[in-house]
Amino acid sequence: MNKLLTTSLLIAGLSGASHAAGLDDAFKKGTTSGQLRLGYISVSPDATGSETTTGGAMGGEIKFETAKWNRFQLALAPYFVEKVDALTGDDTKINGDFFDGNNESYAYLGEAYVNYAFKNGSFRYGRQKLDTPFINTDDIRMFSNTFTAAWLNMAMSKSLTLDLGQVSTWAGFDSGSSQEKFKRASNDGVSAFGLNYKASDDFSAQAWYYSFDKAFSLIYADATYSTGNLEIGVQMGSYSESDASGVDGSVLGASITYSAGPFTLAAVMNSGTNDDGKSASLGLGGGNYYAAMDESTIDGLNDAEAQVISIEYAATDKFTAAVAVGHFEDNGAATEIDETNVVLSYSASDSLDVELIHTTVDALGTADDFSRQTLRATYSF
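All residue numbers refer to positions counted from 1 along the written sequence of the respective chain. It should be noted that, the model being predicted, local features are given only for residues of pLDDT at least 70 and side-chain atom pairs only at 80 or more, the latter also being counted only at that level, while totals for whole chains, interfaces and linings use all residues. Just so you know, side-chain values use all the structure's heavy atoms and leave hydrogens and water out.

1. Details of unusual backbone geometry
Right, so step 1: Even without glycine at this site, A244 takes up a positive phi of about 50 degrees.
Right, so step 2: Strands are runs of DSSP state E lasting at least two residues, helices are runs of H or I lasting at least four, and both sets are numbered from the N terminus onward. Inspection of the secondary structure puts A244 in the loop between β12 (230–241) and β13 (249–260).
Right, so step 3: At D303, a residue that is not glycine, the phi angle is positive and equals roughly 50 degrees.
Right, so step 4: Along the chain, the position of D303 falls in the loop between β14 (263–273) and β15 (305–314).

As structure tokens, this is what we get:
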């Protein structure tokens, strides 16, 4: 998982967007952006009698944002998915990852917000994208997760950025069934406070506090240091359970990455410490722990132990190929999972990217083994 930060809100607040003389002028000078995506997915369970399921879809998100008027901007972004029947299985052979709860096409308003920009930051209210360690977009299928939130982003200095926000509802693939519907986020919401510090191009750190209502609180921090071709990272997360949510304990992590010409080698690990029956959580999205793969993470594992090694080869400035191998297990090795990812990425242009991910999962001692192929072509504008 990438270490995601919310500096995008600050950039939006301080950008050189055109200014309008009035509300009508703000709409006339508005801008349109977004993406169009073609996706295909195939999952083959390694169990006798199980069918391969497939799904194909075309989708998009088209965002309109007004010019600034008295420091305010308005934005709307409908998201839509259209099933491609020729690529989608029938009945028990359909894979529903791209579709609604009834395995059909859908459309919804993914973003709808008002943004107020001031000298050193911005405040945004409404449906929006957020990228923090444990409230994040996690764009792994047709769309990103989006959140109904009130969010403040401020530059305290040239090196220190503050984030403060409250999320009430969310939608997207990680939110569960009927991904197009906004659902309550952890009962009465999730509060977040974060500090992001960048001392130089070589060293950065962040610290966050999250309160997931009637579930748990989380203190998280990480730091990254680069020297030459070497990058080292450390992280920690500490959970405090409330209302018997089952989320409690701590997680430590370390990563090391070395680049040599077109090759990049990486080794990462996470280790959890939990009481019996307790585990870590990824929050709203894909979490931010180093040992995370296309399918497997430490989410839900008691006393988790996870290691991932990977190698990436940049054949050209447009094409890269990567292989990652990971092992995940819980207390007493009651659960053991081996996963392999092969990722091929091609940038046809500044606007068009194509990605193919081949995933194999071997859940040792169970019948849950499977292989998956995910192909996505994304055009951004």
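After presenting the structure, the write-up continues.
2. A word on the packing of aromatic side chains
Right, so step 1: Two aromatic rings, drawn from Phe, Tyr or Trp (for Trp, its six-membered ring), form a pair once their centres lie within 6.5 Å of each other, and the interplanar angle then sorts them: stacked below 30 degrees, edge-to-face above 60, tilted otherwise. Within this structure, the stated rule accounts for 19 aromatic pairs.
Right, so step 2: Ring centres of F134 and Y210 lie 5.9 Å apart, and the angle between their planes is 75 degrees; on these two criteria the pair is classed as edge-to-face. One end of the pair, F134, is in the loop between β5 (121–128) and β6 (146–155); the other, Y210, is in strand β10 (residues 203–212), with 76 residues separating them in the sequence.
Right, so step 3: Classification of F134 as buried rests on a relative accessible area of 0%.
Right, so step 4: Classification of Y210 by relative accessible area gives buried; the value is 0%.
Right, so step 5: Chaining the aromatic ring pairs together yields one cluster made of F134, W208, Y210, F212, F216, Y220, Y239 and Y289.
Right, so step 6: Remark: a charge is flagged as sitting over a ring if the NZ atom of Lys or the CZ atom of Arg is within 6 Å of the ring centre and within 35 degrees of the ring normal. Sitting over the ring of F182, R127 keeps its end group 3.9 Å from the ring centre. Residue burial is assigned from relative accessible area. The probe radius is 1.4 Å, only protein chains are included, and a residue is buried under 20% of its type maximum, exposed over 50%, and partly exposed in between.

3. Brief notes about the nonpolar core
Right, so step 1: Take the buried residues of types Ala, Val, Leu, Ile, Met, Phe, Trp, Tyr and Cys, join any two whose side-chain atoms come within 4.5 Å, and each joined set is a nonpolar core. The biggest cluster of nonpolar side chains holds 55 residues, and the ones touching the most others in it are I135, V167, Y239, L284 and F328.
Right, so step 2: By definition, residues are in contact when any of their heavy atoms lie within 4.5 Å. Beyond its immediate stretch of four places on either side in the chain, V167 contacts L130, I135, F147, T148, A149, W151, A185, G189, V190 and L284.

4. Examining a nonpolar patch on the surface
Right, so step 1: Residues Y258, F263, L265, I309, I311, Y313, V323 and V325 make up a contiguous nonpolar surface patch of roughly 690 Å² in combined accessible area.
Right, so step 2: Sorting the residues of the nonpolar patch by element identifies β14, β15 and β16 (319–329) as the ones contributing at least two each.
Right, so step 3: The greatest single-element share of the nonpolar patch, amounting to 3 residues, is contributed by β15.
Right, so step 4: Mapped onto the secondary structure, V323 falls in strand β16.
Right, so step 5: Judged by relative accessible area, which is 36%, V323 ranks as partly exposed. To count toward a patch, a residue needs a relative accessible area over 30% and no salt bridge; like charges are then connected within 9 Å, while nonpolar side chains (Val, Leu, Ile, Met, Phe, Trp, Tyr) are connected within 5 Å. What sets the accessible areas is the Shrake-Rupley method with a 1.4 Å probe; for residues, cover comes only from the shown protein chains. Salt bridges are identified by distance alone: a Lys or Arg side-chain nitrogen within 4 Å of an Asp or Glu carboxyl oxygen.

5. A look at the pairing of strand β2 (residues 53–65)
Right, so step 1: Of all 13 residues that make up β2, 10 are buried, and the element is covered over most of its length.
Right, so step 2: Note: β2 against strand β3 (residues 72–83), 7 bridges, orientation antiparallel. Of the residues in β3, the one forming a bridge with G60 is F80.
Right, so step 3: Note on pairing: two strands pair once DSSP finds at least 2 bridges between them. Remark: 6 residues form the turn of the hairpin made by β2 and β3, two consecutive strands paired antiparallel; N70 in that turn has positive phi of roughly 50 degrees.

6. Examining the pattern of salt bridges
Right, so step 1: Summed over the entire model, instances satisfying the criterion amount to 12 salt bridges.
Right, so step 2: For R141, the salt bridge goes to D97, with nearest N and O atoms at 3.0 Å. You can see R141 sitting in the loop between β5 and β6 and its partner D97 sitting in the loop between β3 and β4 (106–118), a full 44 residues away along the chain.
Right, so step 3: Residue R141 is classed as buried on the basis of its relative accessible area of 4%.

7. Some details on the side chain of N153
Right, so step 1: Structurally, N153 can be placed in strand β6.
Right, so step 2: Any N or O atom pair separated by 3.5 Å or less is treated as a polar contact, with the protein-specific requirement of one donor-capable and one acceptor-capable atom, and with residues adjacent in sequence counted only for side-chain atom pairs. A distance of 2.8 Å separates a polar atom in the side chain of N153 from a polar atom in the side chain of D163.

8. Some thoughts on the pairing of strand β1 (residues 31–45)
Right, so step 1: Sheet analysis places β1 next to β2, joined by 13 bridges and oriented antiparallel. Bridge assignment links T32 to a residue of β2, and that residue is F64.
Right, so step 2: Strand direction decides the pairing type here: β1 and strand β19 (residues 370–380), joined by 11 bridges, are antiparallel. Note that in β19 the partner of I41 across the bridge is T374.

9. So, a negative patch on the surface
Right, so step 1: The charged-residue count follows a simple rule in which Lys and Arg add positive charge and Asp and Glu add negative charge, with His and chain termini not counted at all. To locate a charge, the coordinates of NZ of Lys, CZ of Arg, CG of Asp or CD of Glu are taken. Together, E82, D85, D90 and D91 make up a region of like negative charge exposed at the surface.
Right, so step 2: Overall, the relative accessible area of 60% leaves D85 in the exposed class.

10. A closer look at the confidence of the model for the chain
Right, so step 1: How sure the predictor is of each residue is captured by pLDDT, a score from 0 to 100. Per-residue pLDDT for the chain has a mean of 94; in total, 96% of the residues score no lower than 70.
Right, so step 2: Within the model, the stretch residues 1–16 combines pLDDT values under 50 with 56 contacts to residues more than four positions away or in other chains.

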